[in-house]
Amino acid sequence: MQDIANNLAVVRQNIENAILASGRKPGSVKLIAVSKFKPETALMAAISAGQSVFGENRVQEAKAKFADLRLSKSELELHLIGPLQSNKADDAVRLFDVIETLDRLSLAEALAKAIRKTGRMPKLYVEVNIGHEAQKSGVAPEALANFLHEIREKFVLSVTGLMCIPPADDNPARHFEKMKKLADQHKLTHLSMGMSADYEAAIRCGATEVRVGTAIFGERS
Ligand SMILES: *Cc1c(COP(=O)(O)O)cnc(C)c1O
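Small disclaimer: the values here were computed from a predicted structure and weren't measured.

S.K.: So, the site of the ligand: which residues are in play, and what are the values?
M.R.: Taken together, Val 34, Lys 36, Asn 57, Ile 81, Ile 165, Met 195, Ser 196, Arg 211, Val 212, Gly 213, Thr 214 and Arg 220 are the residues near the ligand. The side chain of Ser 196 places a nitrogen or oxygen atom 2.5 Å from an oxygen atom of the ligand. Interatomic distance of 2.5 Å between a side-chain N/O atom of Thr 214 and an oxygen atom of the ligand. Relative to its free-state accessible area of 390 Å², the ligand is covered by the protein chains to the extent of 90%. A class-by-class count of the residues in the shell around the ligand yields five nonpolar, four polar and three charged.

S.K.: Before we move on, could you go through the pairing of strand E2 (residues 53-56) and cite the residues and values that matter?
M.R.: The alternating pattern of E2 places Val 53 and Gly 55 and Phe 54 and Glu 56 on opposite faces, both of which are buried. Direction of pairing for strand E1 (residues 30-34) relative to E2: parallel, over a ladder of two bridges. If you follow Val 34 over to E2, its bridge partner there is Gly 55. In this fold, E1 hands off to helix H2 (residues 40-48), which returns the chain to E2; that crossover is right-handed.

S.K.: Lay out the pattern of salt bridges in plain terms, naming residues and giving numbers.
M.R.: Taken as a whole and judged by the stated rule, the model has 13 salt bridges. Between Asp 103 and Arg 104 there is a salt bridge, and its shortest N-O distance comes to 2.8 Å. Take Arg 104: its relative accessible area is 28%, and that puts it in the partly exposed class. Salt bridges sharing common partners tie together Glu 56, Glu 61 and Lys 65.

S.K.: Describe H2, with residues and values.
M.R.: Listed in full, the buried residues belonging to H2 are Ala 42, Leu 43, Ala 45, Ala 46 and Ile 47. Of the surrounding secondary structure, the elements contacted by the buried residues of H2 are helix H1 (2-21), E2, helix H3 (59-72) and helix H9 (214-217). Where H2 terminates, the next one or two residues include Gly 50, which has phi positive at roughly 95°.

S.K.: Summarise helix H5 (residues 105-118); cite the residues concerned and give the values.
M.R.: End to end, H5 covers 20 Å across 14 residues, agreeing with the expected 20 Å (1.5 Å per residue, within 8%). The inward-facing, buried residues of H5 abut helix H4 (89-95), strand E4 (98-102), strand E5 (123-127) and helix H6 (144-155). One or two steps after H5, the chain reaches Gly 119, where phi turns positive at roughly 75°.

S.K.: Any details on the nonpolar core? Residues and values, ideally.
M.R.: One finds Phe 54, Leu 102 and Leu 162 to be the most contacted residues of the largest nonpolar core, which totals 69 residues. The contact partners of Leu 162, leaving out residues within four places of it in the chain, are Tyr 125, Val 126, Val 128, Leu 144, Met 179, Leu 182, Ala 183, Leu 188, His 190, Leu 191 and Ser 192.

What counts, and at which threshold
Residues numbered from 1 in each chain as written. Predicted model: local features only at pLDDT ≥ 70, side-chain atom pairs only at ≥ 80, totals over all residues. Heavy atoms only, no water. Near = heavy atom within 4 Å. Polar contact = N/O pair within 3.5 Å; in protein donor to acceptor, adjacent residues only side chain to side chain. Areas by Shrake-Rupley, 256 points an atom, 1.4 Å probe, with all protein chains shown as cover. Nonpolar A, V, L, I, M, F, W, Y, C, P; charged D, E, K, R; others polar. Buried < 20%, exposed > 50% of the residue type's maximum accessible area, 1.4 Å probe, protein only. Helix = DSSP H or I, 4+ residues; strand = E, 2+ residues; numbered from the N terminus. Pairing = 2+ DSSP bridges. Right-handed = clockwise from strand over helix to strand, strands pointing away. Salt bridge = Lys/Arg side-chain N within 4 Å of Asp/Glu carboxyl O. Contact = heavy atoms within 4.5 Å. Expected span 1.5 Å × (residues − 1). Core = buried A, V, L, I, M, F, W, Y, C linked by side-chain atoms within 4.5 Å.

Next up, the structure:
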């Protein structure tokens, strides 16, 4: 597990270097450690190395791994970065501090209900299908303005950020640049983009948070 501490140190240094290289403010990018499929021992190693922000793809897995841990570690911040089914909205609202994958009106409705019911109010980001890929979820870039308007009007939800996963087979920078424009256009302050292979490029394009799994925890089996 010494590897995890070392890996974290390397990733943090790379992040700060990319921030400096792009003339941005030191410490202005948040590192989300993506711990999906990784056991609790890996989480503990990361926490011991000072990491407090984690990303998980599935509600059930996150609940199993983090529900108890959260009680003793109040500094933890949990982001949901995988697709969310409407019937898991209550659990998601109870567990996560940020839900990054709001991608349809029916989910906005379920989240609004869950927020009323639980009294908890996670931050919400909209997932954008920035490469218009058929197999990926997310709101099409040209539909974003209308989507944001509708969820404000119909469900009184406020969105504070955007997230994306650019196409795997393409140069990510041009997609990241488009995302930055969308975030600015809609005055959204959080921009979640960049993974192990491209977080430095994402930071150069304006990411405010990067989601890094493999470069911290190693390959997933
Ligand atoms: C798994 C995952 C990541 C982390 O990917 P790595 O390449 O392991 O860094 C980031 N974002 C999302 C949405 C993911 O599903």
